[in-house]
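Observations on the model geometry
Below, each chain spelled out in residue letters.
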Amino acid sequence: MTEQVRAQAVPHGGRDTPQVSVVIPTHNRPQLMKLAVESVLSQRAPVTGEVIIVFDACSVDVPEVALPAGWSLRGVPNSRTRGLAGARNSGISDARGDYVAFLDDDDVWLPGKLAAQIDRFAESPEAVVVGTAMVVDNGTEDVVRLAPSENLTHEDFLRNRNPGVHSSSLLFRRADLLGPLGLIDEELPRSYGEDYDILLRASALGAVTVVNRPLVRVLWNGQSYYFGQWAAYAEALQYLLRKHGDFATTPGAIGRIEAQVAFALASSRQGRDARRWARRAISNDPRQIKAYLAIAISLRLLTPAAVTRIAQRFGRGI
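Now for a look at the structure at hand. (Residues numbered from 1 in each chain as written. Predicted model: local features only at pLDDT ≥ 70, side-chain atom pairs only at ≥ 80, totals over all residues. Heavy atoms only, no water.)

1. What about the pairing of strand β3 (residues 48–55)?
The element β3 is extensively covered by neighbouring structure, given that 8 of its 8 residues are classed as buried. In terms of handedness, the path from strand β2 (residues 19–26) via helix α1 (residues 30–41) over to β3 forms a crossover that is right-handed. Sheet topology places β3 next to strand β4 (residues 71–77); 7 bridges connect them, and they run parallel. Considered in β4, the bridge of glutamate 50 is made with serine 72. (Buried < 20%, exposed > 50% of the residue type's maximum accessible area, 1.4 Å probe, protein only. Helix = DSSP H or I, 4+ residues; strand = E, 2+ residues; numbered from the N terminus. Right-handed = clockwise from strand over helix to strand, strands pointing away. Pairing = 2+ DSSP bridges.)

Listed below in structure tokens is the structure:
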């Protein structure tokens, strides 16, 4: 598989015009991917840029779309580790813009997203990453998820994933990704939690700021490649606990992750281990509801599918 450029718009704008590279990893979802691409190209922002579709373990096939002036579209194969982390890094390594934005192939940007983030970077030059809030489409209704604050600290991310700040909303300086922040961690099992990992690293390095308006639409109705991969969730969460030792400095933080591990283990029918992790979580933070749910699931009093359906109805994940 080789790079494919379907069309190239005539560039415009001076040297001071920001250039943005939008990285969209994809795997055999051409219809959804095309909608994601079109949502980028319909943005009205004083920038030029490129959309880089990274085809992960599938043929490079760039869709036919209308390109605005100053924008290009190309497809490249994932040349790194198979999966989301390697695909994102393939796009980052190939990017030419001053900024790099992430967008998953089953999500779309809403009008004004890119312009608001470019403005926020200008207002907050100390920022390492700028995100936005989101709208969750759970298949039945739209649920708005906001961040708890426009400025999130490292401790905020230790205590809570802050899921309102979705990976499809993130905008970085390319120089940071290639420098002090670093690329996406390709060692994460199945790339699960790669967005959380980079937010933890970014918040330890500098400021994480959020345009706290729902400017990304996220589809949560079971189409995710991660959906139901409970054993992989458990493995990746344990990896994150080992990698980020500062979880252990805050009882509520480590209890939260331990409860998630317990839930994932219970859902993958590893009941004994699930109850062990649940007890650890409760000892660190008795308020961790997922730990009690994990015990109930391990004893077959509940099913993970039922709990997940209820959570998604309110625009939340597990």
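We are not done yet, so read on.
2. Regarding α1
Here α1 contains 12 residues, and its C-alpha end-to-end distance of 16 Å stays within 8% of the 16 Å for a straight helix at 1.5 Å per residue. All of the buried residues in α1 are Met33, Ala36, Val37, Ser39, Val40 and Leu41. Looking at the packing, one finds that the buried side of α1 touches β2, β3, β4 and β6 (107–109). (Expected span 1.5 Å × (residues − 1). Contact = heavy atoms within 4.5 Å.)

3. A closer look at a nonpolar patch on the surface
Judged by side-chain polarity, Leu299, Leu301 and Leu302 come together as a nonpolar surface patch covering roughly 290 Å² of accessible area. Inspection of the secondary structure assignment puts leucine 299 in the loop between α10 (289–298) and α11 (304–313). (Patch = residues over 30% accessible without salt bridge, like charges linked within 9 Å, V, L, I, M, F, W, Y side chains within 5 Å. Areas by Shrake-Rupley, 256 points an atom, 1.4 Å probe, with all protein chains shown as cover. Salt bridge = Lys/Arg side-chain N within 4 Å of Asp/Glu carboxyl O.)

4. Description of the nonpolar core
If you look at the biggest cluster of nonpolar residues, it comprises 58 residues, and the most contacted ones within it are Phe172 and Phe247. The element that contributes the greatest number of residues to this core is helix α8 (residues 251–267), accounting for 10 residues. Listed in part, the 36 residues of the second largest apolar core include Leu41, Leu103, Met134 and Leu171. (Core = buried A, V, L, I, M, F, W, Y, C linked by side-chain atoms within 4.5 Å.)

5. Let's talk about the packing of α8 against helix α9 (residues 271–284)
One way to put it is that α8 packs onto α9 with a least axis distance of 8 Å and a crossing angle of 160 degrees. Judged on the interaxial angle alone, α9 and α8 are roughly antiparallel. Crossing angle aside, the handedness with which α8 passes α9 is left-handed. Across the interface between the two elements, Pro251, Ile254, Gly255, Glu258, Ala259, Val261, Ala262, Leu265 and Ala266 from α8 touch Asp273, Ala274, Trp277, Ala278, Arg280, Ala281 and Asn284 from α9. Its residues assigned to classes, the contact of α8 with α9 comprises 11 nonpolar, 2 polar and 3 charged. (Axes fitted to C-alpha atoms, helices over the stretch in contact; angles between N-to-C directions. Parallel < 35°, antiparallel > 145°, perpendicular 65-115°, else oblique. Left-handed = near helix turned anticlockwise from the far one by under 90°. Nonpolar A, V, L, I, M, F, W, Y, C, P; charged D, E, K, R; others polar.)

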